[in-house]
Every structure is written in structure tokens, then in C-alpha cells.
Amino acid sequence: MYLSGFHAVEERVRAAQEDSGAASKMKIYFSKPGPRVKKILDLAKAAKIQCEQTDNKTLDQMAQSLSETARDHRGIILEIQGQETRASNLVDFDAWLERFKAAASDGSQAQEGGAKRTTVVILDSVTDPHNVGAVIRSADQFGADLVILPERRGANDVENNEIIARSSAGAASWVPVSVVTNLARAANLLKEAGFWIYGADAGGVQIQDGTFSKNSVLVMGSEGNGIARLLKETCDTIVSIPTCGRIDSLNVSVAAGVLLYEIYRQELAARS
């Protein structure tokens, strides 16, 4: 698998510094080492990742299999062996949930100022990988613990990894992502584990008037069709963002960013 883009490559290299096994499967190809490239090469050297200087023509040939956006490699490409289809941040949902329940039962989620919040984002039928990447970026910035994507009817890391990684500005190297066959099942299992399910849609409780649970699941639907009926039926509360514009709605990634910020803001307020 090839990965391009300064942010995406840099963050994947940073993640490899903590995983020598991952670093051994990586190799960086670069042309002219400008300031950003030199910074990445220094990180790669510290992580013991092999680097090789080449020319832009060779990099262009490597990037041919990538999306149109990702072909703009900016003079550096990261090759990851054995990851033609699977992204490094993919986690098994059931295993993640078992770890969460074990941590909750033994009290290891406690932190200074109160119990740690756990936030999960479910994206339903969000088909644009750029939007998925932008949501993952917000998830990283506002401390979400997991992003869940559908196996069908949506962009996911398996099919659009390089676009998502680039659109997330590297955050896809850090935020765990699960791809599941049934979003409603996943939501119900999270509910059974103590999460409160919040669906984002018009006509709900405005976020300034409500309080998010310690363990929250934020469900975002597509801009065209919203949240699917069966998934919406799992929601405990529908939440809305107050706006004053003339168009119908916010872009899904922008809306997710606003809602994730509000969850994070409430966590900060609870600590103070």
C-alpha cells in the first residue's frame, strides 16, 4: 500500500515509532528533501524506517494507483508492505467493546476530576471518504475513542484508505476505526454496555439545552437521507445544532465537529 501527503505520512511514521514491527514493513521514497520532507525523514530515521531518494517520475508511477487527490504526492511516498487492503487503525468492534467493559468494571477509566468520558461516533451511509477523513480528524482533536463505519453503504478504511488518511490530516493513524456489518446491532451492544445513543438530526434537543452522557455514542447520517430507520430507533435522544443560515443543513463532517466539540467542552467543564 502507498500513502502520500505530508500529514498522513508523518503521522503514520510517528505511530511506527511505538511499533518496531510496523516500522520494519515501511519504506519511504522521496525526491527533493524540502523542510517538511526533511522533518519526516528525521522521524523515520529515529523509527528505523528505511528511506530511499528517487525522482518525481518514479514517485508519479507509484502514485498512479492512488486517488486523484492522493496522486499529488508532494515529493514523498510511504510504502507499507502487507497492507494493500487493511488500514493499521482498524480494530475489531466486539474486541474493543469487551476491553471497554473490562476497563469499566475494574475502575481503570477513572481519571483526575472524575470518571473518563468515552465517545463513539457512528457514520451511517456517509459515502464521501473526504467527509469520513474530516470526521476522523475531529474525533482525534476532541478525544473520541472509536469511529464505526458500515461495511456497505458508506466509505470505509478498507476501500478508501489513502483518501481517508489524507483527508484526516494524519489523524487516521491514531483514531481506532471499526467496520461492522450491522450498525444497529453495534448501537444496541453499546447501549447494553452503558452508552447513551445520540442521533444528530433536525428537530431534536438543541445542544445548548442538553447534557451528554459520560459514555456517549454520536450517530451521524448522510446529508441526503439522514439516519436509517432501524438505526434511528436505537437512539435515546435526537440532538440538533442551532443555526441561522439559509441552506438546509451543515455538511456532515462540520456537524460532527461541532457536536464532538460540545461533548469535549462538557467534559472540560465537568473537570473544573
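It should be emphasised that the depicted structure is a prediction, and the values quoted were computed from it without experimental measurement.

Novice: Help me get a handle on the sheet that holds strand β10 (residues 196–206), residues and values and all.
Specialist: Spatially, β9-β8-β7-β11-β10-β12 is the arrangement adopted by the six strands of the open sheet, whose pairing is parallel. Whereas interior strands pair on both sides, the edge strands pair on one side only; in this sheet they are β9 (177–180) and β12 (237–240). The sheet shows a mean angle of 35° between the axes of neighbouring strands, direction not considered. Relative to β9, strand β8 (residues 146–150) runs parallel, the two sharing four bridges. Each residue of the ladder has a partner; that of leucine 149, found in β9, is valine 179.

Novice: Can you tell me about the packing of helix α1 (residues 6–16) against helix α3 (residues 35–46), naming the residues and giving the values?
Specialist: Relative to each other, α1 and α3 sit at 15°, their axes nearing to 9 Å. On the basis of the axis angle, α1 is roughly parallel to α3. The chirality of how α1 crosses α3 is left-handed. The residues of α3 that touch α1, namely those facing Phe6, His7, Val9, Glu10, Val13 and Arg14, are Arg36, Val37, Lys39, Ile40, Leu43 and Ala44. Per-class residue counts for the contact of α1 with α3 are seven nonpolar, one polar and four charged.

Scoring rules and cut-offs
- Residues numbered from 1 in each chain as written.
- Predicted model: local features only at pLDDT ≥ 70, side-chain atom pairs only at ≥ 80, totals over all residues.
- Heavy atoms only, no water.
- Pairing = 2+ DSSP bridges.
- Helix = DSSP H or I, 4+ residues; strand = E, 2+ residues; numbered from the N terminus.
- Axes fitted to C-alpha atoms, helices over the stretch in contact; angles between N-to-C directions.
- Parallel < 35°, antiparallel > 145°, perpendicular 65-115°, else oblique.
- Left-handed = near helix turned anticlockwise from the far one by under 90°.
- Contact = heavy atoms within 4.5 Å.
- Nonpolar A, V, L, I, M, F, W, Y, C, P; charged D, E, K, R; others polar.

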